[in-house]
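# Observations on the model geometry
This is what each chain is made of:
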Amino acid sequence: MANLATKVCGVTMDPPLVLASGILGVSAASMARVVRCGAGAVTMKSCSLEPRAGHKNPCVLPFEHGMLNAVGLSNPGVAGASKVIAEFRTLSRAPLIASIFAGSVQEFGRVAERIAEARPDIIEVNVSCPNVHSEFGAPFGGDFDATAAITRAVKDAAGAIPVAVKLTLQCPSIGRMAKVCEDSGADAITAINTVGPGMLLDLATRRPILSNGVGGLSGGAIFPLALRAVFEVRRHTGLPIIATGGIATGDQAAQMILAGASVVGIGTGVYTRGVTVFEEVARELGDWVDSTPERSLEALTGAAHG
Amino acid sequence: MDDRMRTWPLLEVVEHNPGLKSFYFETDSEVQPGQFIMLWLPGVDEKPFSVSDVDDGRLEVTVKAVGPFTRKLMECRPGERLGLRGPFGRPFAPAEGPPPLLVGGGCGVAPLRFLHRHLERRGLSSTFLVGVRTAADLMFREEYAGGLAMVVTDDGSLGERRLLPDKVGELLANQTYGTLCAAGPEVVLSTLKKLAESRGIPSELSYERHMKCAVGLCGECCLEDNGLRLCVEGPVLRHPLPR
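Residues numbered from 1 in each chain as written. Chains lettered and ligands numbered in written order. Predicted model: local features only at pLDDT ≥ 70, side-chain atom pairs only at ≥ 80, totals over all residues. Heavy atoms only, no water.

## Points about the overall build of chain A
Filter applied, for reference: Secondary structure elements are defined from DSSP: runs of H or I of at least 4 residues count as helices, runs of E of at least 2 residues count as strands, and each element is numbered from the N terminus. Throughout, radius of gyration means the C-alpha value; the globule benchmark is 2.2 Å times the number of residues raised to the power 0.38. Exposed residues in this analysis have more than 50% of their type's maximum accessible area, buried residues have under 20%, and partly exposed residues fall in between, with area computed by a 1.4 Å probe over protein chains only. Contacts between residues were defined by any pair of non-hydrogen atoms, one from each residue, lying within 4.5 Å. We get accessible surface area from the Shrake-Rupley algorithm with a probe of 1.4 Å; when it comes to residues, only the shown protein chains can shield them. Residues scored as positive are Lys and Arg, those scored as negative are Asp and Glu, and His as well as the terminal groups of each chain are ignored. Charge coordinates come from a single atom per side chain, which is NZ of Lys, CZ of Arg, CG of Asp or CD of Glu.
Helix and strand content of chain A: eleven helices and 16 strands. A compact globule built from 306 residues would reach a C-alpha radius of gyration of about 19 Å, and chain A, at 18 Å, matches this within 12%. C-alpha atoms of chain A, sized along the principal axes, occupy 55 × 50 × 40 Å. Within chain A, buried positions represent 62% of all 306 residues. Once local pairs closer than 6 in sequence are excluded, the contacts in chain A between residues at least 24 apart make up 71%. In the structure as shown, chain A presents an accessible area of about 11200 Å², 51% of it carried by carbon and sulfur atoms. The centroid of the 25 positive side-chain charges in chain A is displaced by 4 Å from the centroid of its 26 negative side-chain charges.

What follows is the structure, given as structure tokens:
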């Protein structure tokens, strides 16, 4: 089978399949299990400076075409997250991406500085969570200047650790936003975050089911949106792309590679195909690579732009 | 009922003891003993509960008032609509061969009651032991005081005055069982697991953790040592454990 090992910002991921942020990324044991189930790297759930409780249940709702969630960025704070990183290192040699978020540019810098001390392989900057609107206002990721400032602040604080900025589709142009991140020092782009927020109502009570009322949309429903976003990011920048958004099959992963992704993140796919989705997608992706004239993942990356 | 949230009318409420009630809903889905459902009180919260029986299209959930959510639930009346999704998780799967020993401790009586009745309805025999601190803590006291199960209490207020693990040890020493199926406090489960191991029989143990998504995504219910998700690979774990 084709060699699928891929280097992103100097970090080797084999296979190039990453556990997406927000899924099973709360404990070292659960992330290590995801690696045993075939993931080439894991992303932790986003952490903030201080611990957060998040929203009440219901906070995750499967529906006919995907998933709606408003977990509310619950996390143990950067100190707790740093302990999880240290524990993960004792259990697994797979690369770990630490996701961070904050309420201001300065705070992003402080969280980045603290998490950098725990030596994650990559720091992912979540400027695009749609589920904490009432607390933080519209995501920074919709604003070029704010995203640029956050990217610079995190880069300054991260030292030698590569920085990936996780973008939202909901900005004037995700391609231009990626270019802004590149110009501000970003080393990679993660695209995309959940879309929305969206809503689901219960007919009998006539109320939203999510305790937060609204939540981010993920899963199969957003795959074509995510694919288009990755395609645009690739057109505007030369940065490596971690593609996330509704990927659950080798076919979808292959489309992301052709659109320009270096590695592919899987989140809701853990629900639709189970936790062994990683080894299944790796096999399917490998079969696809073998079936192409190039027989090389690297040669196929971005081939849709040829 | 499925993974998606829907509200269902509460058909009936039966009070067993103060602060201990069974709630009945109509159900159209296949639920296995040991599985759980997520119960939503609109505007309040959503929590996981074991199913204590499914019979004739009626799903029964038996709840003890222990916190704000369960106290609020105690106020619900027939006709009110509550949200249900599920069933979730791996059910009890006793091995074929000699009958299993079913052990319910405290609130762990609920899923074992379902398993006991489920086996009975299929003409399969089992030995059922329940253990609580005191008689007032026993769910379905009227059924078990009548001899449907062996009862032990810490204080001797009902049945034999014994600690649950001691009684299990005695039963395992005197008879061969195919599987030990149990639910209850984790400290009790860990003793029962060792007892089953020492007798060379498999154990099927139901564990509890805080659950948020119930569909294997959020990671809240993962076990600390091996990362297994209790909402998917559990709540009933069999040894040897899956990957």
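## Quick word on the pattern of salt bridges
All names here are of chain A. To keep things clear, this is the line we draw: What counts as a salt bridge is simple: a side-chain nitrogen of Lys or Arg found within 4 Å of a carboxyl oxygen of Asp or Glu.
The final tally for this structure, using the stated rule, is 30 salt bridges over all chains. Taking the shortest distance from any N to any O, the salt bridge between arginine 228 and glutamate 232 comes out at 3.0 Å. Within this pair, arginine 228 and its partner glutamate 232 are both found in helix α7 (residues 223–236), separated by four residues, close to a single helical turn. Exposure remark for glutamate 232: the relative accessible area of 18% places this residue in the buried category. Notably, a salt bridge pairs arginine 273 with glutamate 280, separated by 3.2 Å at the nearest N-O pair.

## Examining the pairing of strand β6 (residues 58–64) of chain B
Residue and element names in this part refer to chain B. The following threshold applies: Each pair of strands is called paired provided DSSP finds at least two bridges between the two strands.
Of all seven residues in β6, five are buried; the element is thus mostly enclosed. When strand β2 (residues 20–26) meets β6, the two strands line up antiparallel, connected through seven bridges. Among the inter-strand pairings, phenylalanine 25 is bridged to a residue of β6, identified as leucine 59. As paired strands, strand β5 (residues 53–55) and β6 are joined by three bridges and run antiparallel to one another. Residue pairing for β6: valine 54 is matched across the bridge by leucine 59.

## Some thoughts on unusual backbone geometry
Excluding glycine, most residues fall at negative phi; most peptide bonds, likewise, are trans. In the segment running from A:Ala191 into A:Ile192, the intervening peptide bond is cis, with an omega of 10°. Checked against the element boundaries, A:Ile192 lands in the loop between β10 (188–191) and β11 (195–198). Looking along the chain, the bond that leaves B:Gly86 and enters B:Pro87 is cis, with omega of -5°. With phi around 50°, A:Cys9 is a residue other than glycine that occupies positive phi space. The residue A:Cys9 is located in the loop between β1 (6–8) and β2 (11–13) in this model. For A:Arg119, which is not glycine, the phi dihedral falls at a positive 55°. Along the chain, A:Arg119 turns up in the loop between α3 (105–116) and β8 (122–126).

## Some details on the confidence of the model for chain B
The following threshold applies: The predictor's confidence in any single residue is recorded as pLDDT, a number from 0 to 100.
Per-residue confidence for chain B averages 94 on the pLDDT scale, and 98% of its residues sit at or above 70. Scored by ipTM, the complex comes to 0.94, with pTM at 0.94.

## Points about the sheet that holds strand β3 (residues 36–41) of chain B
Residues and elements named next belong to chain B. To keep things clear, this is the line we draw: The convention used is that axes are lines fitted to C-alpha atoms, helices contributing only their stretch in contact, and that angles between N-to-C directions extend from 0 to 180 degrees.
With respect to topology, seven strands assemble into an open sheet ordered β4-β3-β7-β1-β2-β6-β5, the strand pairing being antiparallel. Each having just a single partner strand, β4 (45–50) and β5 make up the two edges of the open sheet. This sheet shows a mean twist of 35° between the axes of neighbouring strands, independent of strand direction. Strand direction decides the pairing type here: strand β1 (residues 6–17) and β2, joined by six bridges, are antiparallel. Along β2, the bridge assignment pairs valine 13 with phenylalanine 23. In this fold helix α2 (residues 109–121) packs onto β4, β5 and β6, with an angle of close to 35° to the strand it touches most, β5.

## Structural notes on the interface of chain A and chain B
Heads up, the rule is: What gets called buried area is simply the loss in accessible area from a 1.4 Å probe that two parts show on being joined, summed for both. Throughout this description, a polar contact denotes any pair of N or O atoms lying within 3.5 Å of each other; where both atoms belong to protein, one of them has to be capable of donating a hydrogen while the other can accept it, and for residues adjacent in sequence the pair is counted only when both atoms sit in side chains.
Contacts between the two partners involve 36 residues from chain A, matched on the other side by 33 residues from chain B. Taking both partners together, chain A and chain B bury about 2600 Å²; carbon and sulfur atoms supply 56% of that area. By the criterion of area lost to chain B, the three top residues of chain A are A:Arg33, A:Asn57 and A:Tyr271, representing 22% of everything that side buries. Across the contact surface, chain A and chain B share two salt bridges. Of the charged contacts in the structure, one is a salt bridge between A:Glu64 and B:Arg4, with a shortest N-O distance of 3.0 Å. Inspection of the chain A/chain B interface yields nine residue pairs in polar contact (both at pLDDT 80 or more). Residue assignment for the side of chain A that touches chain B shows that the elements contributing at least two residues are α1 (28–36), β5 (60–63), β13 (207–208) and α9 (269–273) of chain A.

## Considerations on the packing of helix α8 (residues 250–259) of chain A against helix α10 (residues 277–291) of chain A
All names here are of chain A. Put simply, the rule reads: Just so you know how the angles are binned, under 35 degrees is roughly parallel, over 145 roughly antiparallel, 65 to 115 roughly perpendicular, and the rest oblique. Handedness of a helix crossing follows the sense of rotation of the near helix relative to the far helix, less than a right angle counterclockwise being left-handed and clockwise being right-handed. Residue polarity is assigned by list, with Asp, Glu, Lys and Arg as charged and Ala, Val, Leu, Ile, Met, Phe, Trp, Tyr, Cys and Pro as nonpolar; anything else, Gly included, falls into the polar class.
Across the interface, α8 lies against α10 with an axial gap of 8 Å and an inter-helix angle of 60°. Viewed along their axes, α8 and α10 adopt a mutual orientation that is oblique. The two elements α8 and α10 meet at a crossing, and its hand is right-handed. Where α8 abuts α10, its residues Gly250, Ala253, Ala254, Ile257 and Leu258 lie against Val281, Glu284, Leu285 and Trp288. Of the residues contributing to the contact of α8 with α10, the split by class is seven nonpolar, one polar and one charged.

## Side note on the sheet that holds strand β11 (residues 160–161) of chain B
Residues and elements named next belong to chain B. Across the sheet, seven strands lie side by side as β11-β10-β9-β8-β12-β13-β14; this open sheet has mixed pairing. The two strands at the open ends of the sheet, each matched to only one other strand, are β11 and β14 (236–238). Sheet topology places strand β12 (residues 180–183) next to strand β13 (residues 203–206); four bridges connect them, and they run parallel. The partner of cysteine 181 across the bridge, within β13, is glutamate 204.

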